[in-house]
Protein chains: 2
Amino acid sequence: MRARLMEATVELLVERGFAGTSTTSVSERAGVSRGAQLHHFPTKNDLVVAAVEHLTEVRGAELAAAAERGLPRGARRTRAVLELLADHFTSPVFTAALELWVAARTDETLREAVAPLEQRVGRQTHRMTVELLGVDESRTGVRELVQATLDLVRGLGLADTITDDARRRKRVLDRWAVTLQEALA
Amino acid sequence: MRARLMEATVELLVERGFAGTSTTSVSERAGVSRGAQLHHFPTKNDLVVAAVEHLTEVRGAELAAAAERGLPRGARRTRAVLELLADHFTSPVFTAALELWVAARTDETLREAVAPLEQRVGRQTHRMTVELLGVDESRTGVRELVQATLDLVRGLGLADTITDDARRRKRVLDRWAVTLQEALA
C-alpha cells in the first residue's frame, strides 16, 4: 500500500505539479482509504517528501543495476555513464523532485524536510558517479569534475522541462564525454 | 508604472512562488490601481511572462555593461566570464524564471507563452557568452562547449535554490575554467 501511495504521489506531482497535487487526489489515484493514508502520512508534506525519497531510491537502484549489467569498458564508458545520468535527470523522478525543490523554496516547513533529502541524494549520486566512471577522487580536480558533470546533467534536466531537448542534449554530452575523458586522463 | 509592475511581480515570484503570487498582491506592491494593471496585463499569465522577460532584458543589459567595464584579458578571462554567468544564474531573475518554467510545465496556456521566451533568452545568453569568451563557433566542438557551460551554470543555479551553494560552486567553477580553457585552446 505504501508503494502505491508513493507512486501515485510522484505521478500526480509530474502531471499536475506541487500546487495541483492534493492528498485526496493521491488516495483516489492509489486506491487507498483516506484514513489509511492519513495514518501513514498525516500531511501533504510528509507524503511528497517520502514519495520523492522512495522513488529516488528505487530509481538509484535501477541505475546501479543497469550500470552493472551493461556498461562498456574503455573509451566508450564515459559517454555511457553520461547517458545513464542524463536519463536519470530527465526522468519523472527528477521532475517530481524539481516540483518539490521549487515548492520548498517558499515553504519553510517543506524546506526543512527537503534540504537534508537533497544533501543525501546529492551525496549518493556523487558516490555512484565516481564508481561508474572508475576515477580516483584523491587526485587534484577529480572531485570537482565529477561535481561539474552532475551540475551539467542537472542543468540539462531543467532545460528539458518544458521543451524536448533530446537532440541538443546528445551533442552536448558527446562533446562533454571527450572533454571529461581528457581532463580525467 | 509598467516598470513598477514588472519589478513587483518578480519580487513576489521570488518571495512567494508562482502559486503564491496574485494579481492583487502585485498591484498592491507596485502601488498601481487594479484598473490600470488590468488594462496593461489582463491576466496573471500576461503579467508574469512580461515581468520575467522585462527583468531578463534589464539583467542581460547589466551583464553586458559589467562585461564591458571590467573583464580581464588573457588567462583570467574565462574564470571571470564564468563568475558573471554564475551570478546571473543565481540572481532573483533566475529564481523568478525558474518559478515560471516549473509552473508552465503543468499549465498549457502559460507554456505557450513561456516556451518561445525560453528559446529567445537561451539564444541571447548563448550569443553573449560566445562574445565574452571571444571564441570561434565555426571550430568543431566550440558551440557544444559553450552550451555545456550554460547547462552547467543552470545546474548550479538550481543547486542554489534551497541551500547556499556558494563555496562548492566556487570550486566547481575554478576547475571548469581550467578544463574549458584547455578544451577551447
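For every chain, the first residue of its written sequence is number 1, and the numbers climb from 1 along that sequence. Chains and ligands are labelled sequentially in the order written, the chains with letters from A and the ligands with numbers from 1. Given that the model is predicted, a residue must reach a pLDDT of at least 70 before its local features are reported, and side-chain atom pairs must reach 80 or more before they are shown or counted; all residues, however, enter totals for whole chains, interfaces and linings. Calculation of side-chain values draws on the structure's entire complement of heavy atoms; hydrogens and water are dropped beforehand.

A. Quick peek at helix α4 (residues 44-70) of chain B. All names here are of chain B. Between its first and last C-alpha atoms α4 spans 38 Å; for 27 residues at 1.5 Å apiece the expected length is 39 Å, and the two agree. Per-residue accessibility, obtained with a 1.4 Å probe over protein chains only, is compared with the maximum for each type, and a residue is labelled buried under 20%, exposed over 50%, and partly exposed between these values. By definition, any uninterrupted DSSP run of H or I lasting at least four residues is a helix, any uninterrupted run of E lasting at least two residues is a strand, and each is numbered from the N terminus. Residues Asn 45, Leu 47, Val 48, Val 49, Ala 50, Ala 51, Val 52, Leu 55, Thr 56, Arg 59, Leu 63 and Ala 67 constitute the buried set of α4. Contacts were defined at the residue level, with two residues in contact if any of their heavy atoms lie within 4.5 Å. Contacts made by the buried residues of α4 are with α1 (2-16), α2 (23-30), α3 (34-40), α5 (77-89), α6 (92-105) and α7 (108-133). Multiplying 1.5 Å by the helix residue count minus one yields the expected span of that helix.

B. Summary view of the packing of helix α8 (residues 142-159) of chain B against helix α9 (residues 166-184) of chain B. Residues and elements named next belong to chain B. α9 packs onto α8 with a crossing angle of 180° between their chain directions and a minimal axis gap of 11 Å. Considering the angle they form, α8 stands roughly antiparallel to α9. Note on element contacts: α9 touches α8 through Arg 168, Arg 169, Val 172, Leu 173, Trp 176, Leu 180, Ala 183 and Leu 184, opposite Val 142, Leu 145, Ala 148, Thr 149, Leu 152, Val 153, Leu 156 and Ala 159. In the contact of α8 with α9, the residues fall into 13 nonpolar, one polar and two charged. Axis geometry follows a simple rule: fit a line to the C-alpha atoms, using only the stretch in contact for helices, then measure angles between N-to-C directions, giving values from 0 to 180 degrees. Geometric relationships in this document are graded by angle, where less than 35 degrees denotes roughly parallel, more than 145 denotes roughly antiparallel, 65 to 115 denotes roughly perpendicular, and other angles denote oblique. Residue classes follow a fixed rule: Ala, Val, Leu, Ile, Met, Phe, Trp, Tyr, Cys and Pro count as nonpolar, while Asp, Glu, Lys and Arg count as charged, and any other residue, Gly among them, counts as polar.

C. Structural context of the relation of the copies chain A and chain B. For the least-squares superposition of copies, only C-alpha atoms count, and only for residues with pLDDT at least 70 in both. Superposition of chain A onto chain B requires a rotation of 180° combined with a translation of 0.0 Å along the rotation axis, giving an RMSD of 0.0 Å. Viewed as a symmetry operation, the transformation between the two copies matches a two-fold axis.

D. A look at the interface of chain A and chain B. Tallying the contact residues gives 42 residues for chain A and 42 residues for chain B. Each of two parts loses accessible area, computed with a 1.4 Å probe, when they are put together; buried area is these two losses added. Three residues stand out in chain A for area buried against chain B, namely Arg 105, Leu 158 and Ile 162 of chain A, and they jointly supply 20% of the buried area on that side. One speaks of a salt bridge when a side-chain nitrogen belonging to Lys or Arg is within 4 Å of a carboxyl oxygen belonging to Asp or Glu. Linking chain A to chain B there are six salt bridges. Counted as a polar contact is a pair of N or O atoms within 3.5 Å, where, for protein atoms, one must be capable of donating a hydrogen and the other of accepting one, and residues adjacent in sequence contribute only when both atoms are in side chains. Taken together, the links from chain A to chain B amount to eleven residue pairs in polar contact (both at pLDDT 80 or more). Sorting the residues of the side of chain A that touches chain B by element identifies α1 (2-16), α6 (92-105), α7 (108-133), α8 (142-159) and α9 (166-184) of chain A as the ones contributing at least two each. With eleven residues, the top contributor of residues to the side of chain A that touches chain B is α8 of chain A. Residue composition of the side of chain A that touches chain B, grouped by class: 20 nonpolar, ten polar and twelve charged.

E. The confidence of the model for chain A, seen in detail. The predictor reports its confidence for every residue as pLDDT, a score running from 0 up to 100. Per-residue confidence for chain A gives a mean pLDDT of 92; residues scoring 70 or more make up 100%. By mean pLDDT, helix α4 (residues 44-70) of chain A is the weakest element of chain A at 86, and α8 of chain A is the strongest at 97.

F. Highlighting the pattern of salt bridges. Per the counting criterion, the structure on display carries 28 salt bridges over all chains. The salt bridge partner of Glu 144 of chain A is Arg 171 of chain B, with a shortest N-O separation of 3.9 Å. Taken as a pair, Glu 144 of chain A in helix α8 and Arg 171 of chain B in helix α9 lie in two separate chains rather than in one. Exposure remark for Glu 144 of chain A: the relative accessible area of 15% places this residue in the buried category. By relative accessible area, which is 36% here, Arg 171 of chain B ends up partly exposed. One salt bridge connects Arg 143 of chain B with Glu 137 of chain B, and the closest N-O pair in it is separated by 3.5 Å. Residue Arg 143 of chain B is classed as partly exposed on the basis of its relative accessible area, which comes to 38%.

G. Focus on the UniProt feature "DNA-binding region" (unreviewed entry) in chain A. UniProt positions are given in the numbering used here, feature names are shortened, and annotations may be inferred rather than shown by experiment. Listed under "DNA-binding region" (unreviewed entry) in the UniProt record, and renumbered for this structure, are residues 22-41 of chain A. For the annotated span residues 22-41 of chain A, helix accounts for 75% and strand for 0% of the residues, and the straight-line distance between the end C-alpha atoms is 13 Å.

H. Spotlight on the packing of aromatic side chains. By convention, a stacked pair of Phe, Tyr or Trp rings (six-membered ring in the case of Trp) has centres within 6.5 Å and planes under 30 degrees apart, an edge-to-face pair has planes over 60 apart, and any other such pair is tilted. Per the stated rule, a full pass over the model turns up three aromatic pairs over all chains. Pairing Phe 89 of chain A with Phe 94 of chain A gives two aromatic rings, centres 5.7 Å apart and planes at 55°, and the pair type is tilted. For Phe 94 of chain A, a relative accessible area of 11% gives the class buried. For the ring pair Trp 176 of chain A and Trp 176 of chain B, a centre distance of 4.6 Å and an interplane angle of 25° mean the geometry is stacked. In this pair, Trp 176 of chain A is assigned in helix α9 and Trp 176 of chain B in helix α9, connecting two distinct chains. You'll find Trp 176 of chain A and Trp 176 of chain B in the same group, each marked buried. By the criterion adopted, a ring carries a charge over it if an Arg CZ or a Lys NZ lies within 6 Å of its centre and within 35 degrees of its normal. Above the face of the Phe 18 of chain A ring, Lys 44 of chain A is positioned so that its terminal group lies 4.0 Å from the ring centre.

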